[in-house]
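Structural characterization, general
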Amino acid sequence: MEMNVLWIMADQLRWDYLSCYGHPHLHTPNIDKLAKRGVKFDRAYVQSPVCGPSRMSAYTGRYTRSHGATWNGFPLRVGEPTLGDHLREIGVRPVLVGKTHMIPDFEGMKRLGIDPESEVGQRVSQCGFEAFDRDDGLHPLGPYDPNPRYNAWLKEQGIADENGWETRANGAIDADGNRVSGWLLETNHLPADIPEELSETPYMTRRAMEFMERAGDQPWMCHLSFIKPHWPYIVPAPYHNMYGPEHIVPPIRSEAEKDDPQPVFGAYMQTRICQSFSRDKVRERVIPAYMGLVKQIDDQLGLLFDWMEERGLMEDTMIVMSSDHGDYLGDHWMGEKDLFHDQSVRVPLIISDPRPEADATRGTSSDALVEMIDLAPTFLNGFGGPELPHILEGRDLTPLLWGTPVKWREYAISEYDYATRPAREILKNAQEDARLIMCCDARWKYVHAEGYRPMLFDLENDPQELVDLGASDDSEHVAVRERMDAEIGRWSRQHHARITKTPEWIEAVTGKEPPGILIGFWDEAEFEEVFGKPFAERP
């Protein structure tokens, strides 16, 4: 059957802040219904626990070390193939509504003579997508999209503020009538000073509907990429007070984590963000708002799914619900994301495949080790496109969606470049050494830290990752660390950059010299013996 793809991504959404993943108080019935229509992946990992590199991996189907955009603000280099490029080549329209966190490689375009305003320049600048409505937030001063449509649209709705995104959608009025900023955590319990229907999540949802209404007959992939529940953690009424202290899950952390921590982890715990989110009063202000933002997304997805149902779009659209990373929210004495505890690197991933072959797995869960780079080859398969194993480093999830027996990966990999972060200032190490690599299997999670001892967690006996076994001299733990480190070495030695020639081409030329090149022949007789013709008849 021919189908379209709706790829939903919620920025900074933790895997365990959905009721289908077990949250005891935050009920998300519409996302839960999606899970009943498809497969819920319980061990999905992003390729970096930070927006930019995580998304660039998702949008290229390649590991961070392969595409080189290793932190926020690092451009995706010109010429790096993207999912949008691959889809466009097979006649699929790749459309963006929302955020990518993409920084264009303007220097590369200048070097190659590409006008950023040209059709090619726009595709390069938008990660291969057609930007129906790109919006990364941070209006209007953000480095990603300096002139998004949302502020102008707010003015059309009668909100005259010059920067309505900041002052209204992410601002509030306090008890004394003063305008306050949602950037300040103490204000996050207040309702955003904007009608709910004009806030960012409903706006993005309507824009996705507008695209689908106009899409026509050409097959499409729509990437609906919500800005929330990413900070600023402020949400309009009625979502601002739906949840209170009684709904806050106790923090996952222990005092023992502070006793001789792994050095990079210890450095992060010293930073302002982590110190802030380790305070209970911060959690009490932020988490109810965060939950409200998630609830608003679920409600909007309910409206979207009903709208699609009425138009028959649910019957032929693969729907994917995902996130680019999680949020510590004070767990492990951390704020933001950055490291590799499950709160940060593990994400929700739900895929509803409309094809009848997927009927057998509807409503099931999978504990397969899935990586976010697996989506690109999965989408290509759904549209009947080529496999591209020399470019795409992820694996097609179709066998898991169809219940087809398949030998799956034993390890998942994620990377982090902390060269620009305050933690490196604390550690005073060289920027080329400021990197981390996570490798996990069905039981163990291992983090290589260049120049420092590793981290190791036994996920079977310590699912909350409170006991770091990275320095344990127990023979089993030593053996596990050696095995996981060897796996990282094996992975790093794979081909990551040989993307210009297909495996079929390599097989076709194996053992053959290019035409006109004759190396190692002793005389004409040896040539004739090899090629079966006189030397004079050589090409």
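Look a little higher up for the structure.
As a convention, each chain's residues are numbered from 1 in the sequence order in which they are written. With pLDDT at 70 or above as the cut-off, local features in this predicted model cover only qualifying residues; side-chain atom pairs require 80 or more to be listed or tallied, and sums for whole chains, interfaces and linings still use all residues. Only hydrogens and water are removed before side-chain values are computed, so all heavy atoms of the structure are retained for them.

**A closer look at the pairing of strand E14 (residues 444–449)**
- Using a 1.4 Å probe on the protein chains alone, a residue whose accessible area is under 20% of its type maximum counts as buried, one over 50% counts as exposed, and one in between counts as partly exposed. The helix count covers DSSP runs of H or I at least four residues long, the strand count covers runs of E at least two residues long, and both are numbered beginning at the N terminus. Most of E14 sits inside the fold, with five of its six residues counted as buried.
- Strand pairing requires that DSSP identify at least two bridges connecting the strands. Note that strand E13 (residues 435–440) and E14 share five bridges and pair antiparallel. Paired with Met438 across the bridge in E14 is Val447.
- What sits between the antiparallel neighbours E13 and E14 is a turn of three residues.
- Both E14 and strand E15 (residues 455–458) contribute to a ladder of four bridges, which runs antiparallel. By the bridge assignment, Lys445 is partnered in E15 with Phe457.
- Linking E14 back to E15 in an antiparallel pair, the connection comprises five residues, with Gly451 at a positive phi of about 90°.

**With respect to the side chain of Arg409**
- In this fold, Arg409 is placed in the loop between helix H15 (398–402) and strand E12 (412–417).
- Whenever two N or O atoms come within 3.5 Å, that pair is a polar contact, provided that in protein one can donate a hydrogen and the other can accept it, and provided that, for residues adjacent in sequence, both atoms are side-chain atoms. One polar contact links the side chain of Arg409 to the main-chain carbonyl oxygen of Leu369, over a distance of 3.0 Å.
- Pairs of residues are marked as contacts when any of their non-hydrogen atoms sit within 4.5 Å. Beyond its immediate sequence surroundings of up to four residues, Arg409 is in contact with Leu369, Val370, Glu371, Asp374, Gly394 and Arg395.

**Quick look at the side chain of His67**
- Structurally, the position occupied by His67 is in helix H3 (residues 64–67).
- We classify His67 as buried; its relative accessible area is 1%.
- Here Ala69 takes part through its backbone nitrogen, which lies 3.1 Å from a polar atom of the side chain of His67.
- Setting aside anything within four residues of it in sequence, one finds His67 in contact with Pro53, Met56, Ser57, Thr60, Arg62, Leu76, Arg77 and Glu80.

**A closer look at unusual backbone geometry**
- Between Lys228 and Pro229 the backbone carries a cis peptide bond, its omega angle lying at 10°.
- In this model, Ala237 is joined to Pro238 through a cis peptide bond whose omega is 5°.
- Residues other than glycine seldom take positive phi values, yet Glu336 does so here, at roughly 60°.

**Some points on the pattern of salt bridges**
- Here a salt bridge means any side-chain nitrogen of Lys or Arg lying within 4 Å of a carboxyl oxygen belonging to Asp or Glu. Scanning the model with the defined rule gives 39 salt bridges in all.
- As a salt-bridge pair, Asp331 and Arg14 come within 3.1 Å of each other at their nearest N and O atoms. Of the two residues, Asp331 is situated in the loop between strand E8 (317–323) and helix H13 (342–345) and Arg14 in the loop between strand E1 (4–11) and helix H1 (29–37); the sequence distance between them amounts to 317 residues.
- We classify Arg14 as buried; its relative accessible area is 3%.
- Residue Arg443 pairs with Glu476 through a salt bridge whose shortest N-O separation is 3.8 Å. Of this pair, Arg443 sits in the loop between E13 and E14 while Glu476 sits in helix H17 (residues 475–492), placing them 33 residues apart in sequence.
- Judged by relative accessible area, which is 23%, Arg443 ranks as partly exposed.
- Taken together, the shared-partner salt bridges in this structure form one network comprising Asp133, Arg149, Arg207, Glu210 and Arg214.

**Points about the packing of helix H9 (residues 200–214) against helix H12 (residues 280–310)**
- Interhelical geometry of H9 versus H12 gives an angle of 20° and a closest axis separation of 9 Å. In terms of orientation, H9 lies roughly parallel with respect to H12. Here H9 runs over H12; the crossing is right-handed. Contact residues: H9 offers Thr201, Pro202, Thr205, Met209, Met212 and Glu213, while H12 offers Gln296, Ile297, Gln300, Leu303, Leu304, Trp307 and Met308. Axis definition: a line fitted to C-alpha atoms, limited for helices to the stretch in contact. Angles are taken between N-to-C directions and run from 0 to 180 degrees. By the definition adopted for this analysis, an angle is roughly parallel if under 35 degrees, roughly antiparallel if over 145, roughly perpendicular if from 65 to 115, and oblique otherwise. Throughout, a crossing is termed right-handed when the near helix is turned clockwise from the far one, and left-handed when it is turned anticlockwise from it by less than a right angle.

**Some words on the environment of Ile8**
- Note on placement: Ile8 falls in strand E1.
- Residue classification places Ile8 among the buried positions, given a relative accessible area of 0%.
- In this structure, the C-alpha to C-alpha distance between Ile8 and Pro263, residues 255 residues apart in sequence, is 36 Å.
- Here Ile8 is in contact with Leu224, Phe226, Leu301, Phe305, Ile319, Val320, Met321 and Ser322, once residues within four sequence places are set aside.

**Digging into H1**
- Those residues of H1 that sit buried are Asn30, Ile31, Asp32, Leu34 and Ala35.
- In this fold, the buried residues of H1 make contact with strand E2 (39–45), H12, E8 and strand E9 (346–352).

**Concerning the sheet that holds E14**
- Read across the sheet, four strands follow the order E12-E13-E14-E15 without closing on themselves; strand pairing throughout is antiparallel. If you trace the sheet from one side to the other, it starts and ends with E12 and E15, each paired once. Mean inter-strand twist for the sheet, computed between neighbouring axes without regard to direction, equals 10°.
- Packing of H17 onto the sheet brings it into contact with E12, E13, E14 and E15, and relative to E14 it is tilted by some 65°.

**Here's the deal with a negative patch on the surface**
- Candidate patch residues must exceed 30% relative accessible area and have no salt bridge, after which like charges are joined if within 9 Å and Val, Leu, Ile, Met, Phe, Trp or Tyr side chains if within 5 Å. For the area figures, the Shrake-Rupley method with a 1.4 Å probe applies, and any residue is considered shielded solely by the protein chains shown. Note on charges: Lys and Arg go in the positive column, Asp and Glu in the negative column, and His and the chain ends are not counted at all. Working definition for charges: the position is that of NZ of Lys, CZ of Arg, CG of Asp or CD of Glu. Residues Asp523, Glu524, Glu528 and Glu537 make up a contiguous surface patch of negative charge.
- With respect to the helices, strands and loops of the structure, Glu524 is situated in helix H19 (residues 524–531).
- Residue classification places Glu524 among the exposed residues on the basis of a relative accessible area of 53%.

**Focus on a nonpolar patch on the surface**
- Together, Leu518, Val530 and Phe531 make up an exposed nonpolar region whose accessible area comes to about 270 Å².
- Tracing the sequence through the fold places Leu518 in the loop between helix H18 (503–509) and H19.

**Quick word on the packing of aromatic side chains**
- The pairing test for Phe, Tyr and Trp rings, Trp by its six-membered ring, is centres within 6.5 Å, and the orientation test on the planes gives stacked under 30 degrees, edge-to-face over 60, and tilted for anything in between. Scanning the model with the defined rule gives 20 aromatic pairs in all.
- Considering the side-chain rings of Trp7 and Tyr59, the 5.7 Å spacing of their centres and the 75° angle between planes classify their relative orientation as edge-to-face. Of this pair, Trp7 sits in strand E1 while Tyr59 is found in helix H2 (residues 51–60), placing the two residues 52 residues apart along the sequence.
- On the accessibility criterion, Trp7 (0% relative accessible area) is buried.
- Taking the relative accessible area as the measure of exposure, Tyr59 reaches 1% and is therefore buried.

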